[in-house]
Amino acid sequence: WTHAMRERGGSDPRRQIMALFDMLEEWFNEPGFRGCMFINAAVEFPSPNDPIHTTAAHHGESMFKVVCARAKEAGAA
């Protein structure tokens with residue numbers, strides 16, 4: 001996702017965030033969309049100590065950090 005954000009949004013952090021939302025919209029509207037494999041895995045392995053669950057949670061946290069960093073670069077408080 002982060003590579004595609006830079007590829008589509010260039011060096012502008014606002015455009016990168018908008019590119020992420022554009023990509024998510026495209027993905028959600030694909031005929032075979034079955035949801036995020038990380039979220040699906042976290043639901044199927046709900047124990048917070050399960051390695052699959054912790055890996056899925058780490059992915060979500062990583063994406064959150066990327067979006068927050070881009071937002072700060074764009075001037076958000």
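Preceding block: the structure.
Values in this document were obtained by computation on a predicted structure and should not be read as measured data.

Asker: Provide a residue-level description of the overall build of the protein chain, including the pertinent values.
Answerer: Of regular secondary structure, the protein chain possesses 4 helices and 0 strands. Along the protein chain, helices and strands appear, N-terminal first, in the series α-α-α-α. With respect to the principal axes defined by its C-alpha atoms, the protein chain has extents near 40 × 35 × 20 Å. Relative to its full complement of 77 residues, the protein chain shows a buried share of 23%. Pairs at least 24 residues apart make up 33% of the contacts formed inside the protein chain by residues separated by at least 6 positions. Of the roughly 5700 Å² that the protein chain leaves accessible, carbon and sulfur atoms contribute 60%. Seen as two clouds, the 8 positive and the 10 negative side-chain charges of the protein chain have centres 7 Å apart.

Asker: Before we move on, can you summarise the side chain of Q16 with the specific residues and values?
Answerer: One can find Q16 in helix α2 (residues 13-28). Residue classification places Q16 among the buried positions, given a relative accessible area of 5%. Beyond its immediate chain neighbours, meaning those up to four positions away, Q16 contacts M5, R6, G9, G10, S11 and R70.

Asker: Tell me what's going on with the packing of helix α1 (residues 2-9) against α2, and back it up with residues and numbers.
Answerer: Between α1 and α2, whose axes approach to 8 Å, the crossing angle comes to 115 degrees. Put simply, α1 runs roughly perpendicular to α2. Two packed elements cross with a definite hand, and for α1 against α2 that hand is right-handed. Along its contact with α1, which presents A4, M5, R6, R8 and G9, the element α2 presents R15, Q16, I17, A19, L20, D22, M23 and E26. Grouping the amino acids of the contact of α1 with α2 by side-chain chemistry returns 6 nonpolar, 2 polar and 5 charged.

Asker: Requested: an account of the environment of T55, with residues and values cited.
Answerer: Along the chain, the position of T55 falls in helix α4 (residues 51-73). On a C-alpha basis, the gap between T55 and W27 in space is 22 Å, while along the polypeptide they are 28 residues apart. In terms of polar contacts, T55 uses its side chain to reach the backbone carbonyl oxygen of P51, at 2.8 Å.

Asker: A description of the pattern of salt bridges should follow, citing residues and the corresponding values.
Answerer: Throughout the structure, instances matching the rule amount to 1 salt bridge. Residue E26 pairs with R8 through a salt bridge whose shortest N-O separation is 3.0 Å. With E26 in helix α2 and R8 in helix α1, this residue pair connects regions lying 18 residues apart in the sequence.

Rules used in this analysis
Residues numbered from 1 in each chain as written. Predicted model: local features only at pLDDT ≥ 70, side-chain atom pairs only at ≥ 80, totals over all residues. Heavy atoms only, no water. Helix = DSSP H or I, 4+ residues; strand = E, 2+ residues; numbered from the N terminus. Buried < 20%, exposed > 50% of the residue type's maximum accessible area, 1.4 Å probe, protein only. Contact = heavy atoms within 4.5 Å. Areas by Shrake-Rupley, 256 points an atom, 1.4 Å probe, with all protein chains shown as cover. Lys, Arg positive; Asp, Glu negative; His and termini not counted. Charge placed at Lys NZ, Arg CZ, Asp CG, Glu CD. Axes fitted to C-alpha atoms, helices over the stretch in contact; angles between N-to-C directions. Parallel < 35°, antiparallel > 145°, perpendicular 65-115°, else oblique. Left-handed = near helix turned anticlockwise from the far one by under 90°. Nonpolar A, V, L, I, M, F, W, Y, C, P; charged D, E, K, R; others polar. Polar contact = N/O pair within 3.5 Å; in protein donor to acceptor, adjacent residues only side chain to side chain. Salt bridge = Lys/Arg side-chain N within 4 Å of Asp/Glu carboxyl O.

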